[in-house]
Amino acid sequence: MSKSNEEDVQNTSPGSDELTLDIKEDSEIFLEFLSEVQDHLEDSESNVLSIEDDACDYETINAIFRSIHSIKGSAGFLGLTQMQGLSHELETLLDKVRKEEISMSQEIINVSLSSIDSLRKLRDNLEIRVDRELGNDKDSDSSPQEQPVNIQPLIDTILSILNNESKHEEAVPESPQEITDKIINSEPEEDSGEAVEDQESSESDCLGGILLDEGAITQEQLDKALDERGKKIGEILVEEGVTTAEKVENALDEQKSIGQILTEKGEITESQLAGALKQQERKVGEILVDSGATTTGDIDTALESQQNKRKTKLQSRTVKVDTAKLDNLFDMVGELVITNTMICGEANSADNNGTSKNLSQLTKITKDIQDQVMSMRMVTLKQTFQKMSRLVRDVSLQSGKKVKLQISGEDTELDKNVIEELADPLVHILRNSIDHGVEAEEDRVSKGKPAEGLVKLSAFHRGGNIVIEIQDDGNGIRKDKILQKAIDRGMVTSQSSLTDNQIYNLIFSPGLSTAAKVTNISGRGVGMDVVKKNIEKLRGTVDVTSEEGKGSTFTIKLPLTLAIIDGIVVNVGDTKYIIPTVSIEESLRPTKEDISTVKNQGEVVNIRGSLLSLVRLHKLYNIDTEKTNPWESIVVVVEGAEGRYGVLVDELLGQQQVVIKSLGDRFKDVKGISGSAILGDGRVGLILDVSGVKEAFIGSN
Amino acid sequence: MEAVLEEKRTKSHEGKYLTFVLGTEEYGIEILKVREIIGMMDITTVPQTPDYMKGVINLRGKVIPVIDLRLKFAMDELKHTQETCTIVVEVNSSLIGIIVDTVSEVVDIGSEAVEDTPAFGQGIDTDFIIGLGKVQEKIIILLDIEKVMSTEELEIAEKMAEN
C-alpha cells in the first residue's frame, strides 16, 4: 500500500465522524442502533442473495430498500456521516431499481453486497468504539482494533452505475472481493473474467435451474440459452432450431409486457433486455413452452417451487430479549427447582397426603417452566447457514470454481451460545471443501461429474444430539498422501496399522495440510485442528469420512445445549466435583497390587493389562481427605485430549444433570475446572475438565 | 486539568458508606457498590487460588466468588461466628462476596471529614484506600473496593503462573 493511500484511508477512518451524542450518556441509543443495524444488514444480505438466486421481485428489493433507508436515517441522527453517505447512495440506487428505472444486474448485486460489507465494517468499528468508551474492554491489548474503511470507491461505483446506466455493459462487473480489495487498497481497476462467469452461473439458479433439476430441459439447452442470453431470446430459439421465426413472432406478440418495456425505453440494449427478461421470468417460461422445450405442467411445478421458496423467507414473529435477562430468569428457575426439591424432601418425611399431592403438581409446573425457559435459549441455524451461502458464493468466486451450496434443516434449533461458536468451524470446513475438495471445472468434466461442484450443508437431530453434515462431491481425501505426510512429520510410524477412519481423522492434527499449494483461502495446515478444538469446546465431536474421487463428508455432532450436562458427582474430602459423563470410561476400586510407582513418584494403575497414570485429585488440589489409599477409594478412568488416565476420588455420589454456570473471568485460568454447577443441596460443585486436570498434573510434577 | 481531577476525587469522597469491622479496625465501603449483606453460606473451595480466595457460593442461582478480607489484609483468620457476614459488592459489573467480622452501620461522611491517606512508608500499600474518614472520634478506613479486587486478580494470575 502506498503512502498516499494510507493517508487517504486514515482520513476516512471512523474516528473522524463527529458523533452528535455522547456515547457514555446515551449508551442505550448506541447499543440499540448497533443491534438494529446488524439486523438490517443481515436481512439485506440474505435478500440480495435471494435476488441472485431466483427471487427478484418488487417486494424483496423494497425490503432491502427499507432496511438501508432505516440505517441511513439512524446513522444520520447519530452523526455517522460515512455510514449515512454510503447508505444514501445505495438507497438511491435501490430506489431506481425499485421504480424499474434501472434493471437489476449482477453489477448491482455485487455492489450492494460490497456496500453491505462496508456498512458492516463501519458498524463493527462503532461497536469497538462504544465498547472502549463504556470501558467494557479491560484488556486494551487484545481488544480488536478499528479497521479503516474507505467508502469512496464504492460510492463512485454506485454513482457510475447511476450515471452510466445506458453504457453499463462496458463497465466490467466486479466480484465483491475485488471491490473490497479496491476499497482497502485503492488499486487501479483490473479486468475480471471470473465475475462474468459468475454472472452466468448464478443465472442458472433461476427458473432454468429449476427446470433442469426436474429434467424438463437439458443442461445443453439451458447453457446455450444462457450463453447467448445477450441476444434476443427469439433469435436464440430460432438458431437452435427449436422453433421457427414465425413462432417466435407469435410468442413476442403474446409477450405484451416485454413489448411495453421496449416501447418505453425505445432502443434497447442487450443488458436491458437481459434485465427485463429476468423480471419477467414467467414469460420466459411461456416461450419455452411454445418452443416445445418443456410443457406447461413442468413450468407450473417449477413456478410452484419458486413460490414456496419465497414463502419460506417470511419472518417469524419475535420479541427481542436481552440474553442477560434470559440468563437471570434461567437462574431463578434453577433455584425454584432446587427449593422445590428440598421442600418435597421435607414434606415426604412429614407424610402429609394433601400436601404431597399439591407438591407433585408444583414439581410438574416447575419442570415445565424450566423446559420452557430452556427452549427460549434455542435459536434456529438459519442465520448461520445464510452466512455460509454468502461465504460459498465468495469463495467459489475467488477460487474460480463453480460451486452450488445445498442447504437443508436450517430450522433446526440449537442453544444460542453453541450457534455463536459454530460459525468459525463451519467456515473452515466449507472453505476446505471448496478449495481442496471440489476439483477444477475441467477435471470434473473429464471425470464425468457435473461441471458445477455441489456442497451440501445439512442439520438434523440424531439421538439427543444435533448433527451438522458438510458433504462435497469433490475429489475426496487421498489416504496415502495423508498417511505419508503424517509419517514424514513423525505423527505416526510407518508400521502402525491405522484404519481408514483413523487416517482420515489425521487431518485434524495440527500442521497437516495435503493441499499441493497454499492459496489465500486455505492450505497452511492450520484450521482443521482449530476446528476440532472449537467443536470440542462445545462438547461436540467432529468426524470425517471420505471416498476417493467421490467426495468427503464432515460430521459435527453437538449437544443440544451448552447449558446442561450429564455428570457424575464425586467427592474428595468434603469438596464435591462433577465429572462430565461423556469423558468417563469406567470407574473401579483397584486392588493394592494394581498400583505401582515409577521412580517412587509417578503412579500407574493396571486396569486389565493397560497401564494408566494415576492423578490423585486430593494431592493435586491440596484437599484434606482420609482416603489416601487407592484401594480404599475409587479410580475413575477418563479420556482426555492426551489419552486415558485414572483420577483418584474418594467416592462416587451419583449421576446428575447439572446446569453449567460460568465461574467468571476471575477463575478462568484455574486448570482443570471448566465451570460450576449448583447441586441438589444448593451448594456449588465444580465441574472438572479432564484434559485440564491432566495438564495441571503434568505441570505440578 | 489536574485541578479538575483533584476536585473530582475530593468530591467522590463524600457520601454514604457501609462500615464494618475487621479486628480492631473499622472500614467503609461506598454504599452504592454494596448489593446486599448475607449470612455465611456453604463455600466451595476452588483449587489453585490464594488463601484469602475462600471459594464460590450459590447466591440464588448465581455462582459468585467470596474472599476473606482478613486474609486479604494479612490478618489472622478468625473462626466464623454468628456475626460474621458476607457483603456482596458489585465490582466492574460482576458480583463478589467479602467476608467481614461484623457489619456496623451506614454513615454519612462529608468531604471535609475525609483526610488523605498518610504515607506509612515502604511495604504498606495504601493504593486501595480512598482516605480516612472521621466520624464521632472514630477513624473509618474508606476502601476503594475496585482497587482491592484488581490487585487480587493480579495475585491470582501470579499464583497460576507459579503452578
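None of these values were measured; they are calculated from a predicted model.

Enquirer: Let's hear about the overall build of chain B: which residues, and what values?
Expert: Counting its regular elements, chain B contains three helices and eleven strands. Shown N-terminal to C-terminal, the secondary structure of chain B runs as helices and strands in the order α-β-β-β-β-β-α-β-β-β-β-β-β-α. The burial tally for chain B puts 45% of its 163 residues in the buried class. Partitioning the intrachain contacts of chain B with sequence separation of at least 6 by distance along the chain shows that 54% fall at a separation of at least 24. As displayed, chain B offers around 8,900 Å² of accessible surface, 49% of which is attributable to carbon and sulfur atoms.

Enquirer: Could you give an account of the overall build of chain A, with specific residues and numbers?
Expert: On a plain count of helices and strands, chain A comes out with 26 helices and 18 strands. Per-residue burial over chain A gives 47% buried out of 701 residues. Considering only intrachain contacts with a sequence separation of at least 6, the fraction spanning at least 24 residues in chain A is 68%. Carbon and sulfur atoms make up 48% of the accessible area of chain A, which amounts to about 35,700 Å² in all.

Enquirer: I'd like a rundown of the sheet that holds strand E8 (residues 564-572) of chain A, residues and numbers included.
Expert: Residues and elements named next belong to chain A. An order of E8-E9-E18-E17-E16 is seen for the five strands of this closed barrel, with the pairing classed as mixed. Averaged over all neighbouring strand pairs, the angle between strand axes comes to 50 degrees, with direction disregarded. By the bridge criterion, two bridges tie strand E16 (residues 651-661) to strand E17 (residues 673-678) in an arrangement that is antiparallel. Bridge pairing in E17 links Ile660 to Ala677.

Enquirer: Kindly report on the interface of chain B and chain A, identifying the contributing residues and their values.
Expert: With 26 residues of chain B in contact, the opposing surface of chain A contributes 22 residues. Of the roughly 2,100 Å² buried between chain B and chain A on both sides combined, carbon and sulfur atoms contribute 61%. Our enumeration of links across chain B and chain A arrives at zero salt bridges. Where chain B meets chain A, there are four residue pairs in polar contact (both at pLDDT 80 or more).

Enquirer: An account of the confidence of the model for chain A is needed here, citing residue identities and associated values.
Expert: Residue and element names in this part refer to chain A. Mean pLDDT over chain A works out to 75, with 70% of the residues at or above the 70 mark. Under a pLDDT of 50 for its full length, residues 1-15 has, in the predicted model, 21 contacts with residues more than four places off or in other chains. Taken as a whole, residues 166-205 scores under 50 in pLDDT and shows 73 contacts with residues more than four places along the chain or in a different chain.

Enquirer: Summarise helix H3 (residues 58-78) of chain A; cite the residues concerned and give the values.
Expert: Side chains that are three or four residues apart share a direction in an α-helix, a result of its 3.6 residues per turn. Relative to the 30 Å expected for 21 residues at 1.5 Å per residue, H3 of chain A spans 30 Å between its end C-alpha atoms, a close match to the ideal helical length. Backbone geometry just after H3 of chain A places Gly79 of chain A at a positive phi near 80 degrees.

Enquirer: Tell me about helix H6 (residues 152-163) of chain A, and please be specific about residues and values.
Expert: Residues and elements named next belong to chain A. Counted at 1.5 Å a residue, the expected span for H6 with its twelve residues is 16 Å, and the 16 Å between its end C-alpha atoms agrees. The complete set of buried residues in H6 reads Leu154, Ile155, Thr157, Ile158, Ile161 and Leu162. Take H6 and look down its axis: the buried residues cluster within an arc of 160 degrees, on one side only.

Enquirer: Can you explain a nonpolar patch on the surface? Please cite residues and give values.
Expert: A surface patch of nonpolar side chains, amounting to about 240 Å² of accessible area, comprises Leu336, Ile365 and Ile369 of chain A. Tracing the chain through its elements places Ile365 of chain A in helix H18 (residues 353-376).

Enquirer: A description of the sheet that holds strand E15 (residues 643-649) of chain A should follow, citing residues and the corresponding values.
Expert: All names here are of chain A. Read from one edge of the open sheet, six strands run E10-E14-E15-E13-E12-E11, paired in mixed fashion. Strands at the two margins of the open sheet, each flanked by one partner only, are strand E10 (584-588) and strand E11 (595-598). Neighbour-to-neighbour, the strand axes of this sheet turn through a mean angle of 35 degrees, independent of strand direction. Across seven bridges, strand E14 (residues 634-640) lies against E15 in antiparallel orientation. By the bridge assignment for E15, Glu639 is matched with Arg644.

Enquirer: Report on the packing of helix H4 (residues 81-98) of chain A against helix H5 (residues 106-133) of chain A, specifying residues and quantitative values.
Expert: Residues and elements named next belong to chain A. Between H4 and H5, the shortest axis-to-axis distance is 10 Å and the interhelical angle comes to 155 degrees. One element, H4, and the other, H5, form an angle in the roughly antiparallel class. In the packing of H4 onto H5, the handedness of the crossing is left-handed. Across from Gln82, Met83, Leu86, Ser87, Leu90, Leu93 and Val97 in H4, the residues of H5 making contact are Ile108, Val111, Ser112, Ser115, Ser118, Leu119, Leu122 and Arg123. Split by residue class, the contact of H4 with H5 holds nine nonpolar, five polar and one charged.

Enquirer: I'd like a rundown of the UniProt feature "modified residue: Phosphohistidine" (unreviewed entry) in chain A, residues and numbers included.
Expert: Mapped onto this numbering, the UniProt entry annotates "modified residue: Phosphohistidine" (unreviewed entry) at His69 of chain A. Looking at the secondary structure, you find His69 of chain A in helix H3.

Enquirer: Please set out the pattern of salt bridges residue by residue, giving values where relevant.
Expert: Within the structure shown, the criterion is met by 30 salt bridges over all chains. Note that Asp394 of chain A and Arg393 of chain A form a salt bridge whose closest N and O atoms lie 3.4 Å from each other. The exposure class assigned to Arg393 of chain A is buried, which follows from its relative accessible area of 7%. A salt bridge links Lys134 of chain B to Glu115 of chain B; the shortest N-O distance between them is 2.8 Å. Of this pair, Lys134 of chain B sits in strand E10 (residues 129-135) while Glu115 of chain B sits in strand E9 (residues 114-115), and the two are 19 residues apart along the sequence. Linked through salt bridges whose partners overlap, the residues forming this network are Glu45, Asp117, Arg120, Arg390, Arg393 and Asp394 of chain A.

Enquirer: A description of the nonpolar core should follow, citing residues and the corresponding values.
Expert: Judged by nonpolar contacts, the single largest core of 60 residues is most densely connected at Tyr577 and Leu617 of chain A together with Leu69 of chain B. Not counting the four nearest positions on each side in its chain, Tyr577 of chain A is found in contact with Ile568, Val569, Val570, Val572, Leu617, Tyr621, Ile623, Ile673, Leu686 and Leu688 of chain A together with Pro47 of chain B.

Enquirer: Describe the side chain of Arg616 of chain A, naming the residues involved and giving the relevant values.
Expert: Residues and elements named next belong to chain A. Locating Arg616 in the fold gives a position in strand E13 (residues 610-616). Within the structure, the side chain of Arg616 is placed 2.5 Å from the backbone oxygen of Thr628, a separation counted as a polar contact. With residues near it in sequence (within four places) discarded, Arg616 still touches Glu603, Thr628, Pro630 and Leu648.

Enquirer: Lay out the pairing of strand E7 (residues 551-559) of chain A in plain terms, naming residues and giving numbers.
Expert: Regular strands have side chains that alternate between both faces of the sheet. Residues and elements named next belong to chain A. Counting buried residues along E7, eight of its nine residues qualify, which places the element largely inside the surrounding structure. In the sheet, strand E5 (residues 465-472) pairs with E7 via seven bridges, with the strands oriented antiparallel. Within the sheet, the bridge partner assigned to Glu469 lies in E7 and is Thr555. In this sheet, E7 lies alongside strand E6 (residues 541-547) in antiparallel orientation, the contact comprising seven bridges. When the bridges of E7 are listed, Thr545 appears paired with Thr553.

Enquirer: Could you give an account of the packing of helix H2 (residues 27-53) of chain A against H5 of chain A, naming the residues involved and the relevant values?
Expert: If you want to describe how two helices pack, look at the angle between their axes and the distance between the axes. Residue and element names in this part refer to chain A. Packing of H2 against H5 brings their axes to within 10 Å, and their N-to-C directions diverge by 160 degrees. One finds that H2 runs roughly antiparallel with respect to H5. For the element pair H2 and H5, the recorded crossing hand is left-handed. Considered class by class, the residues forming the contact of H2 with H5 number 15 nonpolar, four polar and seven charged.

Enquirer: How would you sum up the environment of Asp500 of chain A? Please name residues and give values.
Expert: All names here are of chain A. Within the secondary structure, Asp500 is located in helix H23 (residues 500-504). Taking the relative accessible area as the measure of exposure, Asp500 reaches 40% and is therefore partly exposed. In the structure, Asp500 is positioned 45 residues away from Thr545 in sequence and 8.5 Å away in space, judged by C-alpha atoms.

Enquirer: An account of the packing of aromatic side chains is needed here, citing residue identities and associated values.
Expert: Residue and element names in this part refer to chain A. Summed over all chains, the structure comprises five aromatic pairs over all chains. Judged by centre distance (6.1 Å) and plane angle (35 degrees), the rings of Tyr577 and Tyr621 are tilted. Of the two residues, Tyr577 sits in strand E9 (residues 575-580) while Tyr621 sits in the loop between helix H25 (617-620) and E14, which places them 44 residues apart along the sequence. The buried category is assigned to Tyr577, whose relative accessible area is 1%. With relative accessibility at 6%, the residue Tyr621 sits in the buried group.

Quick notes on the rules
Residues numbered from 1 in each chain as written. Chains lettered and ligands numbered in written order. Predicted model: local features only at pLDDT ≥ 70, side-chain atom pairs only at ≥ 80, totals over all residues. Heavy atoms only, no water. Helix = DSSP H or I, 4+ residues; strand = E, 2+ residues; numbered from the N terminus. Buried < 20%, exposed > 50% of the residue type's maximum accessible area, 1.4 Å probe, protein only. Contact = heavy atoms within 4.5 Å. Areas by Shrake-Rupley, 256 points an atom, 1.4 Å probe, with all protein chains shown as cover. Pairing = 2+ DSSP bridges. Axes fitted to C-alpha atoms, helices over the stretch in contact; angles between N-to-C directions. Buried area = accessible area lost by both parts, 1.4 Å probe. Salt bridge = Lys/Arg side-chain N within 4 Å of Asp/Glu carboxyl O. Polar contact = N/O pair within 3.5 Å; in protein donor to acceptor, adjacent residues only side chain to side chain. pLDDT = per-residue confidence, 0-100. Expected span 1.5 Å × (residues − 1). Arc of directions from axis to C-beta. Patch = residues over 30% accessible without salt bridge, like charges linked within 9 Å, V, L, I, M, F, W, Y side chains within 5 Å. Parallel < 35°, antiparallel > 145°, perpendicular 65-115°, else oblique. Left-handed = near helix turned anticlockwise from the far one by under 90°. Nonpolar A, V, L, I, M, F, W, Y, C, P; charged D, E, K, R; others polar. UniProt positions renumbered as here; feature names shortened; annotations may be inferred. Core = buried A, V, L, I, M, F, W, Y, C linked by side-chain atoms within 4.5 Å. Phe/Tyr/Trp six-rings, centres within 6.5 Å; stacked < 30°, edge-to-face > 60°.

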